[in-house]
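What the coordinates show
Residues per chain, in single letters:
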Amino acid sequence: MQILVIWRVKPEVDIKKELLPLMEAEEHYAWADYMRGRLRQFFLTEIPGLVVMILEYPSLEEAKKSYDELPILKEGLMAPEFHELRPFQSWEYLFKEEHKMKNRK
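My aim in this report is to walk through the structure given alongside it, one point at a time. All of these numbers come straight from a predicted model, not from anything done at the bench.

With that settled, consider the overall build of the protein chain. In terms of regular secondary structure, the protein chain is built from four helices and four strands. Starting at the N terminus, the α and β elements of the protein chain follow one another as β-α-α-β-β-α-α-β. Taking 13 Å as the expected radius of gyration for a compact globule of 105 residues, we find that the protein chain reaches 19 Å, considerably beyond that expectation. Along the first, second and third principal axes, the C-alpha set of the protein chain runs to 65 × 30 × 20 Å. Each of the 105 residues in the protein chain was classed as buried or not, and the buried ones make up 27%. Where the 16 positive side-chain charges of the protein chain centre and where its 19 negative ones centre are 9 Å apart.

In this section: the pattern of salt bridges. The final tally for this structure, using the stated rule, is five salt bridges. For Glu69, the salt bridge goes to Lys74, with nearest N and O atoms at 2.9 Å. The exposure classification of Glu69 matches that of Lys74, with both residues exposed.

Moving on: the pairing of strand 3 (residues 50–56). A large share of strand 3 lies buried, amounting to six of its seven residues. In this structure, strand 1 (residues 2–9) lies alongside strand 3, joined through seven bridges in antiparallel fashion. Following the sheet pairing, Trp7 is matched in strand 3 by Val51. The sheet contact formed by strand 2 (residues 39–44) and strand 3 spans five bridges and is antiparallel. Bridging across to strand 3, Phe42 finds its partner in Met53. In sequence, strand 2 turns back onto strand 3 through a hairpin of five residues, with Gly49 there showing a positive phi of about 85°.

Another point: a nonpolar patch on the surface. A surface patch of nonpolar side chains, amounting to about 640 Å² of accessible area, comprises Phe88, Trp91, Tyr93, Leu94 and Phe95. One can find Trp91 in the segment after strand 4 (78–84).

Note that Val52 resides in strand 3. Sequence separation between Val52 and Phe42 is ten residues; the distance between their C-alpha atoms is 5.9 Å. Once you skip the residues sitting within four places of it in the chain, Val52 turns out to touch Leu4, Val5, Gln41, Phe42, Phe43 and Thr45.

Counting residues in each nonpolar core, the largest one holds 21 residues, and the members touching the most others are Ile3, Trp7, Leu55, Tyr67 and Phe82. Put simply, the parts of the chain that give this core at least two residues each are strand 1, strand 3, helix 3 (60–67), helix 4 (71–74) and strand 4. Residues within four places of Phe82 in sequence aside, it is in contact with Ile3, Leu4, Val5, Leu55, Leu60, Ala63, Lys64 and Tyr67.

Reading the values: the criteria
- Residues numbered from 1 in each chain as written.
- Predicted model: local features only at pLDDT ≥ 70, side-chain atom pairs only at ≥ 80, totals over all residues.
- Heavy atoms only, no water.
- Helix = DSSP H or I, 4+ residues; strand = E, 2+ residues; numbered from the N terminus.
- Rg over C-alpha atoms; globule rule 2.2 N^0.38 Å.
- Buried < 20%, exposed > 50% of the residue type's maximum accessible area, 1.4 Å probe, protein only.
- Lys, Arg positive; Asp, Glu negative; His and termini not counted.
- Charge placed at Lys NZ, Arg CZ, Asp CG, Glu CD.
- Salt bridge = Lys/Arg side-chain N within 4 Å of Asp/Glu carboxyl O.
- Pairing = 2+ DSSP bridges.
- Patch = residues over 30% accessible without salt bridge, like charges linked within 9 Å, V, L, I, M, F, W, Y side chains within 5 Å.
- Areas by Shrake-Rupley, 256 points an atom, 1.4 Å probe, with all protein chains shown as cover.
- Contact = heavy atoms within 4.5 Å.
- Core = buried A, V, L, I, M, F, W, Y, C linked by side-chain atoms within 4.5 Å.

Structure below.
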């Protein structure tokens, strides 16, 4: 199962003073998860303190549990959002007879 994780540094956190000292441990964990085939994609955004990951885990619960031990979470510095990614199903609407494109000249 693919899982989208949106990591946000909490507004009251000083990134340089509180978060950066923990980054080496965080990066080691991310690298290990990548090498296990669990971390598929990892992106920074234009917003400082906002990071997005795509994970591959058997379940949403297992993904959440595996990241529980990160120092940034134990210290309460970031708030992650975990979302199960599912196939987009609205396209089937296009294939109903009344919505098919008619041949054009």
